[in-house]
Amino acid sequence: MVKHIRFRPDVRFFGFLGALAILIPGMFSAPKPTAAMPPFAQALGLQCSACHTTVPSLNAYGRYLQRTGYSALDRKTLARALPVWIGESANFDTSAGAGTGTPRFSFGNLALHAVGYAAPDFTYHAQQFITAFDQPGGVDTLWLTYNNLLHHDGHLFVGKILSAAPSPYSQNADLDGPAASATLVGEHDWNATYGNRWGTRLAYVHDALDAEAGYYLASSDLNGATDFSAGDKTFQWKLAYAIPTKPYEVGAFGSYGSTPVSTNSGIDRYRSSAVYVQVDPGQYGRPGLLAIYQAQFDDNPGAGPAGTPLGPTKSRGASFEVYQPLFRNGVMVSLRHDFNDSGAGGPVTNGNAVNVAFNVPHVQYLHGYVEMNVGANSALSGASSGPTFKGMLWLTIPISKLRATPATNVANTTPPATLAATAATASPSTVAPVPGASTLPSKPTLATSAVASTAPAVDVAAIAAGKTAFAANCASCHGANGAGGVGPNLHGIATRQSLATTIARIEKPGGMMPKLYPSPLSATNVEQIAAYIRTTFR
């Protein structure tokens, strides 16, 4: 039988409408492309679309950087930016307020972040809340990674680290993320099992293989780093097929652990296994997709809702979400359904959420989020039986300018015509098409060209400018020497395609290659880079 709920607007609803009136107008303006993690954005000159579907949700390449501890990025290039940044958010939640222990409006959410290289083979990430929900904050993230194991395919994380689970569990534009692994079974909160915790994790990432295993202890503040007393202790694993240049990922993950409870032996030994699929939004309006199903078992989950001890219990959870970018990727709208069955006669909940995330126009590093949770039995709808609403404005800003002049500020003084002579280095054959670029006949080589002797000299200044621009914008993927990494090897590019094709490929990239033209790269910058790679990477 379907239970109908009459929605009665109250102060919460009108408060939501007021906040929405502030947030929404900019959503329909021409969005200003926002940057990625501030130090990375500064040093690499990348826009958020290089790593994110919408901040902070990650695309395939961003997920690759996450599981490899950012070690795919060029250390010398990152050194151009101070690795420290600040995050501040203003939040509202209509299900909070008096009697809930959480303020309805919160402005004291200030965090200090640091990210980058500690040494050639060591990367780190730290996030310390100065204040959280108007209260003194604690350590959210604090890890160091050694990246030179198993021929640089192994990455050993130590500290307060992410769980061995899909990326949306930690980086998600939804204010309440997927609840597939958040079932409450007796006294065991599975959501806490998959939060940031002190421990260590080894990630082996080779081609399409992502294999991870970790051991996790407490989730408390700095004092939890050495807390080996009785508490939630978990072995977690993950196995996935994930190619950084393909917009999809499929895998499985799970856990084995124990946590204290108040009944019987005082220990709950639990295990879980889950499967997931994630597909990024794509061309021709294809929406993104996230689907997760998890099965769990607790041998002694403690007391149930009625206070009576529960026996061995099987439970399950699932989340299914579709999300669609709109308005030139300035807005992301998502619809998510969460299902949780706590087993043993416990509650079964069905929750639905509508989320809108957007880049605030004309304000770099500022992002807005609005969420509506619905469903009479939704675990996400708080104390109310009707819809609840949440919102957040999140400002992330670097605290220093670049330590060196950005390559994208190279003066655009070289006329495009002066670069035409570089075409003489191309092969006389017609090259195969490059994704995102048309097939064009290449130019003759110097040795075979009838006009080679009269061709104008290559502009040395343009090549030098191209080298600087390449280091700032391209080397992080293609390597400082053009030998490739996440991006393809560029050596021999002049024998494979024409100058016009090279320029077209940079201006209109395909696959996971970020679009950097017309900003931050100008047309002249593009021609300089094309000239540099064609004359250097032979």
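Fair warning: this is a prediction, and the values are worked out from it, not measured in the lab.

### As for helix H3 (residues 60-67)
In step 1: Most of H3 sits out of view: 8 of its 8 residues are buried.
In step 2: Where H3 is concerned, the buried positions are Ala60, Tyr61, Gly62, Arg63, Tyr64, Leu65, Gln66 and Arg67.
In step 3: Residue Asn59 occupies the N-cap position of H3, its side-chain oxygen lying 3.2 Å from the main-chain nitrogen of Tyr61.
In step 4: Just downstream of H3 lies Gly69, where phi reads positive at about 65°.

### Comments concerning a nonpolar patch on the surface
In step 1: Judged by side-chain polarity, Tyr241, Tyr248, Val250 and Val277 come together as a nonpolar surface patch covering roughly 330 Å² of accessible area.
In step 2: Tracing the backbone through its elements, the reader meets Tyr248 in strand S15 (residues 248-260).
In step 3: On the accessibility criterion, Tyr248 (35% relative accessible area) is partly exposed.

### Thoughts on the pattern of salt bridges
In step 1: Under the counting rule described, the total for this entry stands at 13 salt bridges.
In step 2: With its nearest N and O atoms 3.7 Å apart, the salt bridge here joins Glu249 to Lys238. Remark: Lys238 occurs in strand S14 (residues 233-242) and Glu249 occurs in strand S15; sequence separation between them is 11 residues.
In step 3: Relative accessible area serves as the criterion here: at 2%, Glu249 is assigned to the buried category.
In step 4: Bridged by salt links that share partners, the residues Arg63, Arg67, Arg201, Asp210, Glu212, Lys238, Glu249 and Asp280 form one connected network.

### Observations regarding the packing of aromatic side chains
In step 1: Per the stated rule, a full pass over the model turns up 14 aromatic pairs.
In step 2: Between the aromatic rings of Phe122 and Tyr146, the centroid separation amounts to 4.9 Å while the plane-to-plane angle is 40°, which identifies the pairing as tilted. Of this pair, Phe122 sits in strand S6 (residues 122-132) while Tyr146 sits in strand S8 (residues 139-149), and the two are 24 residues apart along the sequence.
In step 3: Since its relative accessible area comes to 31%, Phe122 is described here as partly exposed.
In step 4: A connected cluster of aromatic rings, assembled from ring pairs, spans Phe40, Tyr70, Trp143 and Phe157.
In step 5: Over the ring of Phe157 we find Arg201; its NZ or CZ atom is 4.3 Å from the centre of that ring.

### Let's talk about the environment of Phe105
In step 1: Examined against the element boundaries, Phe105 turns out to sit in strand S4 (residues 105-106).
In step 2: Judged by its relative accessible area of 44%, Phe105 falls in the partly exposed class.
In step 3: Spatially, the C-alpha atom of Phe105 lies 7.6 Å from that of Ala90, the residues being 15 residues apart in sequence.

### Overview of the pairing of strand S13 (residues 209-216)
In step 1: Burial of S13 is one-sided: the residues Asp210, Glu212, Gly214 and Tyr216 facing one way are buried, the residues Leu209, Ala211, Ala213 and Tyr215 facing the other way are not.
In step 2: Pairing geometry for strand S12 (residues 197-206) and S13, over 8 bridges, is antiparallel. What sits directly across from Val205, in S13, is Asp210.
In step 3: The turn joining S12 and S13, which pair antiparallel and follow one another in sequence, is formed by 2 residues; a positive phi near 55° is taken by Asp207.
In step 4: Here S13 runs beside S14; their pairing, made up of 8 bridges, is antiparallel. Bridge pairing in S14 places Gly214 opposite Gln236.

### Observations concerning the packing of helix H9 (residues 499-507) against helix H10 (residues 523-536)
In helix packing, the relevant descriptors are the interaxial angle and the interaxial distance, both defined with respect to the helix axes.
In step 1: Relative to each other, H9 and H10 sit at 125°, their axes nearing to 9 Å. By the criterion of interaxial angle, the relationship of H9 to H10 is oblique. As H9 runs across H10, the sense of the crossing is right-handed. Only Val526, Glu527, Ile529, Ala530, Ile533 and Arg534 of H10 make contact with H9, whose side of the interface consists of Leu499, Thr502, Ile503, Ile506 and Glu507.

### So, the confidence of the model for the protein chain
In step 1: Per-residue confidence for the protein chain gives a mean pLDDT of 79, with 80% of residues at or over 70.
In step 2: Counting contacts from residues 1-35, a segment whose pLDDT is below 50, to residues more than four positions away or on other chains yields 55 contacts.
In step 3: This stretch, residues 376-383, has a pLDDT under 50; its non-local contacts, to residues over four places away or in other chains, come to 18 contacts.

### A closer look at the packing of helix H6 (residues 460-473) against H10
In step 1: For the pair H6 and H10, the least separation of the axes is 7 Å and the interaxial angle reads 95°. In this view, H6 runs roughly perpendicular relative to H10, as classed from their interaxial angle. Every residue of H10 that contacts H6 at Ala462, Ile463, Ala465, Gly466, Lys467, Ala469 and Phe470 is listed here: Gln528, Ile529, Ala531, Tyr532, Ile533 and Thr535.
In step 2: Looking at the contact of H6 with H10 residue by residue, the classes come out as 9 nonpolar, 3 polar and 1 charged.

### A word on unusual backbone geometry
In step 1: In this structure, Pro56 follows Val55 across a cis peptide bond, with omega equal to 5°.
In step 2: Relative to the assigned elements, Pro56 resides in the loop between strand S1 (52-54) and strand S2 (57-58).

### Quick notes on the side chain of Thr145
In step 1: Along the chain, Thr145 falls in strand S8.
In step 2: Contacts of Thr145, omitting those with residues within four sequence positions, involve Asp121, Phe122, Thr123, His155, Leu156 and Phe157.

### Points about the side chain of His113
In step 1: Its place among the elements puts His113 in strand S5 (residues 110-119).
In step 2: Those residues in contact with His113 that sit more than four places away from it in its chain are Pro83, Val84, Trp85, Ile86, Gly87, His125, Ala126 and Gln127.

Cut-offs and rules
- Residues numbered from 1 in each chain as written.
- Predicted model: local features only at pLDDT ≥ 70, side-chain atom pairs only at ≥ 80, totals over all residues.
- Heavy atoms only, no water.
- Buried < 20%, exposed > 50% of the residue type's maximum accessible area, 1.4 Å probe, protein only.
- Helix = DSSP H or I, 4+ residues; strand = E, 2+ residues; numbered from the N terminus.
- Polar contact = N/O pair within 3.5 Å; in protein donor to acceptor, adjacent residues only side chain to side chain.
- Patch = residues over 30% accessible without salt bridge, like charges linked within 9 Å, V, L, I, M, F, W, Y side chains within 5 Å.
- Areas by Shrake-Rupley, 256 points an atom, 1.4 Å probe, with all protein chains shown as cover.
- Salt bridge = Lys/Arg side-chain N within 4 Å of Asp/Glu carboxyl O.
- Phe/Tyr/Trp six-rings, centres within 6.5 Å; stacked < 30°, edge-to-face > 60°.
- Lys NZ or Arg CZ within 6 Å of the ring centre and 35° of its normal.
- Pairing = 2+ DSSP bridges.
- Axes fitted to C-alpha atoms, helices over the stretch in contact; angles between N-to-C directions.
- Parallel < 35°, antiparallel > 145°, perpendicular 65-115°, else oblique.
- Left-handed = near helix turned anticlockwise from the far one by under 90°.
- Contact = heavy atoms within 4.5 Å.
- pLDDT = per-residue confidence, 0-100.
- Nonpolar A, V, L, I, M, F, W, Y, C, P; charged D, E, K, R; others polar.

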